[in-house]
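Close look at the chain arrangement
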Amino acid sequence: MIASPQENYLTSEEYLQIEEQNSVKHEYIDGYIYAMAGALDPHVTIAGNLFALLRNHVRGSGCRVYIADMKARIESLNRFYYPDVMVTGDQRDQETPAYKRFPCLIVEVLSNSTEAFDRGDKFADYQTLRSLQEYVLINTKRQRVECFRRHEQGMWVLQSYTSEHKSFRLNSVDFEETMAALYEDVVFE
């Protein structure tokens, strides 16, 4: 989310109607919509790789993996975001085909235009989701995966994985994979 907001205040219901009919995706923050920027090849490749790996991992478990076009709703803050990858195993999320409210894992692939927001306000907003166990940031300039994990008393603990590590782990979905598989076919920016 980088662009300036559109001028008119929208209810969340109006926003959802617009998104259903619009070819351009928008994130929604407290009544205002923000057009989403396009992504570069490394960003799309990393998100696609992770989606494919996670989809195979959760198959048959009752969990669902979503990529880029599914919204995460934060009702308490009146927000809708489009995470790059999101996993939910909560049955209540089957009731809402346009968005998910109870993800256990959210992943953002970093880009120059979104990194500050993904690390700052967006992460703060995601932390209000009680279901969220892990928030993951993936670098597109070098092999680096940052896993923020929720621990007792709401504290978030960071574990970083770099090119020195052969693999990375996502505890929220009991998943481990190689860095090579995550970054397969990526040409760094």
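Residues numbered from 1 in each chain as written. Predicted model: local features only at pLDDT ≥ 70, side-chain atom pairs only at ≥ 80, totals over all residues. Heavy atoms only, no water.

1. Re the overall build of the protein chain
Tallying secondary structure elements over the protein chain gives five helices and 13 strands in all. For the protein chain, whose C-alpha radius of gyration is 16 Å, the value lies close to the compact-globule estimate of 16 Å for 189 residues. Seen through its principal axes, the protein chain has C-alpha atoms that stretch 50 × 35 × 30 Å. In the protein chain, buried positions account for 47% of the 189 residues. Sequence separation of at least 24 residues holds for 52% of the intrachain contacts in the protein chain that already meet a minimum separation of 6. Accessible surface for the protein chain amounts to roughly 9,700 Å². Of this, 47% is attributable to carbon and sulfur atoms. Computing the positive centroid from 20 side-chain charges and the negative centroid from 29, the protein chain places the two 4 Å apart. (Helix = DSSP H or I, 4+ residues; strand = E, 2+ residues; numbered from the N terminus. Rg over C-alpha atoms; globule rule 2.2 N^0.38 Å. Buried < 20%, exposed > 50% of the residue type's maximum accessible area, 1.4 Å probe, protein only. Contact = heavy atoms within 4.5 Å. Areas by Shrake-Rupley, 256 points an atom, 1.4 Å probe, with all protein chains shown as cover. Lys, Arg positive; Asp, Glu negative; His and termini not counted. Charge placed at Lys NZ, Arg CZ, Asp CG, Glu CD.)

2. Some words on the UniProt feature "domain: Putative restriction endonuclease" (unreviewed entry) in the protein chain
In the numbering used here, UniProt assigns the feature "domain: Putative restriction endonuclease" (unreviewed entry) to residues 13–170. From the first C-alpha to the last, residues 13–170 spans 34 Å; its make-up is 24% helix and 34% strand. (UniProt positions renumbered as here; feature names shortened; annotations may be inferred.)

3. Some thoughts on the sheet that holds strand S3 (residues 64–67)
Pairing is mixed in the open sheet, where six strands are placed in the order S3-S6-S8-S9-S10-S11. The two strands at the open ends of the sheet, each matched to only one other strand, are S3 and strand S11 (156–162). If you compare each strand with its neighbour and ignore which way they point, the axes differ by 15 degrees on average. Pairing of strand S10 (residues 144–150) with S11, which is carried by seven bridges, proceeds in the antiparallel orientation. Considered in S11, the bridge of Glu146 is made with Ser160. Contacting S3, strand S6 (85–88), strand S8 (105–109) and strand S9 (134–138), helix H2 (residues 41–58) runs over the sheet at an angle of about 170 degrees to S3. (Pairing = 2+ DSSP bridges. Axes fitted to C-alpha atoms, helices over the stretch in contact; angles between N-to-C directions.)

4. Points about the confidence of the model for the protein chain
Averaged over all residues, the pLDDT of the protein chain equals 93, while 96% of them reach at least 70. In this model, residues 1–5 is a region of pLDDT below 50 whose contacts with residues beyond four sequence positions or in other chains number 17 contacts. (pLDDT = per-residue confidence, 0-100.)

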